[in-house]
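Observations on the model geometry
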Amino acid sequence: MDTQAAVFEVNEPMVISETIDGETVIINLEYGTYYSLKQVGAIIWTGIQARRNVSDIAGLVQAHFDVEAGRAAAEVAELVRQLSEEQLVRPASGAAGGETGAPLPAPAARASFVPPALEKFTDMEAMLLLDPVHDVDEEGWPHLPGKDGQANA
Amino acid sequence: MPDPAPADPASAGQRFDDFFSELAERQARAEREAGTTLRRFRIAGRTVDIRFAGPAMVGLMSDAFAHLAVPAEGKADFTFRVFDEESTGLGPPRPRWNIEEQYSHGEVSSLIDSQRYLQVIQPRRLVIAASAGAGEAVVWVSGKAEIKPWEHAAPLLTLVNWWANSGGYVYVHAGAVGRREGGVLILGRSGAGKSHTALACLRSDLLYVSDDHCLLGTGARPKAASMYATGKLFTHDAPKFPFLDARRDRAIETHEGKLVFFLNDICPDRLAPGLPLKAVLIPNPTGRRETEIVAAPRSAAFFATAPVTALRWPSLGRAAFTGIASALKRLPSYRINTGTDLRGIPQAIGALLDRLA
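Residue positions are counted from 1 within each chain, in the order its sequence is given. Chain letters and ligand numbers both follow the written order, the letters beginning at A and the numbers at 1. pLDDT decides what is reported in this predicted model: residues at 70 or higher carry local features, side-chain atom pairs at 80 or more are listed and counted, and totals for whole chains, interfaces and linings draw on all residues regardless.

1. Considering the sheet that holds strand β3 (residues 78–84) of chain B
Residues and elements named next belong to chain B. Threshold: Strand pairing requires that DSSP identify at least two bridges connecting the strands. Numbered from the N terminus, helices here are DSSP runs of H or I no shorter than four residues, and strands are runs of E no shorter than two. Here an angle of 0 to 180 degrees is reported between the N-to-C directions of two axes, which are lines fitted to C-alpha atoms, with helices fitted over the stretch in contact. C-beta atoms are first placed from the backbone for all residues, and any pair lying within 7 Å is then listed as a contact.
Across the sheet, 6 strands lie side by side as β1-β2-β3-β6-β5-β4; this open sheet has mixed pairing. Looking at the sheet topology across the chains shown, the edges are occupied by β1 (36–43) and β4 (116–121). Strand after strand, the sheet turns through a mean of 15° between neighbouring axes, direction not considered. As paired strands, β4 and strand β5 (residues 126–131) are joined by 6 bridges and run antiparallel to one another. Counted as the bridge partner of Leu118 is Ala129 from β5. Those strands touched by helix α1 (residues 12–34) are β1, β2 (46–53), β3, β4, β5 and β6 (136–141), and its axis lies near 70° from that of β6. With respect to the sheet, helix α5 (residues 157–165) is in contact with β1, β2, β3, β4, β5 and β6, its orientation differing from that of β5 by roughly 10°.

Structure follows, in structure tokens:
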């Protein structure tokens, strides 16, 4: 597969995201993990949301930041690989963004390039993993031993 | 070990409806046998009746709403119907789901949709089934002993959260204080200083909406709405708030070593049901005497609260995440470097509100 032509999409519905003031916060509702992407990373995420191929996203990065084409393409491909590994994005189904995607943000001025970094936070995982739901019996109901009869009173 | 319940061929909606109607029948029977206690509250601009079967759960599940009580005239917008097994002898009906369908925080995710909500807190503690179509939710509790101190301080948290969504509000882990014409939302992780900042305002001209659990109106003009008339402090911090510390004997203690004060008994005139919001504050205790407020990126405010709020209840988290983002994009964000002189906190917030008026 031509990596530069590949199109990815956000792994909805379990992945949600919002971008505020140049920082994107991404949440995986299934695993309780969340992530931060700043500046270059946030722009790349915008391109993924718009279902643009990797090459187009690299062009978007070049339009916003002072970076040469080969470096931009490599950084986009690497971040997409990490996002895929974290199950935050998946190969897109259907048409790419050329026909269906949202418009991409226009750059105000080219900023200095800092390689994108996907920061991962796992402190909320415990809240899901400690949930007592999974410690109960197989019946799917909160029976304590010896209380079955009461539950159907 | 009994076999798992077989997969039910009925649709998820039908399975929920069957369970809900049987649960509602049991609650109605409990009311007939144990009597009814009715409390009405106005939360985030809408009225809700809480109908209790018998008196056992009334205080535990309504004390914290005392500041929002209104006369029960006419029909309420929604009804929460509560019964407990300990005092009525009535348990919940058989489940219409398998263990595999239960998800984090007790949500039975496969039976939840835009009109229905189902949460089962294990083991054998609490069931909440809510139906927008019926205009009712039914809550079953095993007994008084199973209500934790934090639930007395913040009763029916999930249910109020779910219900508020339909009125344009989302739950947010935040405090809120201010004046009737405008206030601030105080965002931060647990232990970041939200309660400290909010409770410091009780001895000022600022009104108190919350220190921890809050509803956020996500319309064009963001608003904060009060859920509970409670405030929490670590036991070792209570002496810094003498007017609260003097009422320590009436506070309840949580497992995390915090004292919960029921503020409607202490300073009812300082409590507000809600406020329009003018700004967002991120508390930052400094150890210095003075308090100062400085500009902060909105992304910092969002990051401080949105993941924690969204991951609390996965089925409700999506709306909360989007709603918080929507509100924060409309509000300026500041860091409040809180000082040890507590009087400086409401003074600094008041000065900020003056500037933003």
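2. Regarding the packing of helix α2 (residues 54–64) of chain A against helix α3 (residues 69–85) of chain A
Residue and element names in this part refer to chain A. Just so we agree on the cut-off: Orientation is classified from the angle alone, with under 35 degrees giving roughly parallel, over 145 giving roughly antiparallel, 65 to 115 giving roughly perpendicular, and any other angle giving oblique. Should the near helix be turned counterclockwise from the far one by less than a right angle, the crossing is left-handed, whereas a clockwise turn marks it as right-handed.
It is at 8 Å that the axes of α2 and α3 come closest, and there the two elements cross at 120°. Judged by the inter-axis angle, α2 sits oblique to α3. Considering how the two elements wind past one another, α2 and α3 form a crossing that is right-handed. When α2 is examined against α3, the residues Val54, Ser55, Ile57, Ala58, Val61 and Gln62 are found in contact with a partner set consisting of Ala69, Ala72, Ala73, Val76, Ala77 and Val80.

3. Section: the confidence of the model for chain A
Residues and elements named next belong to chain A. Going by this rule: Per-residue confidence from the predictor is reported as pLDDT, which spans 0 to 100.
Per-residue pLDDT for chain A averages 79, and the proportion of residues at 70 or more is 73%. By mean pLDDT, helix α6 (residues 148–151) is the weakest element of chain A at 36, and helix α1 (residues 40–49) is the strongest at 96. Across residues 129–153 the pLDDT falls below 50, and counting only partners more than four positions away or on other chains, this stretch makes 47 contacts in the model.

4. With respect to the pairing of strand β17 (residues 333–337) of chain B
Residues and elements named next belong to chain B. The sheet contact formed by strand β15 (residues 274–283) and β17 spans 4 bridges and is parallel. Among the inter-strand pairings, Leu281 is bridged to a residue of β17, identified as Tyr334. In the sheet, strand β16 (residues 292–295) pairs with β17 via 4 bridges, with the strands oriented antiparallel. From the neighbouring strand, Val294 faces β17, where its bridge partner is Arg335.

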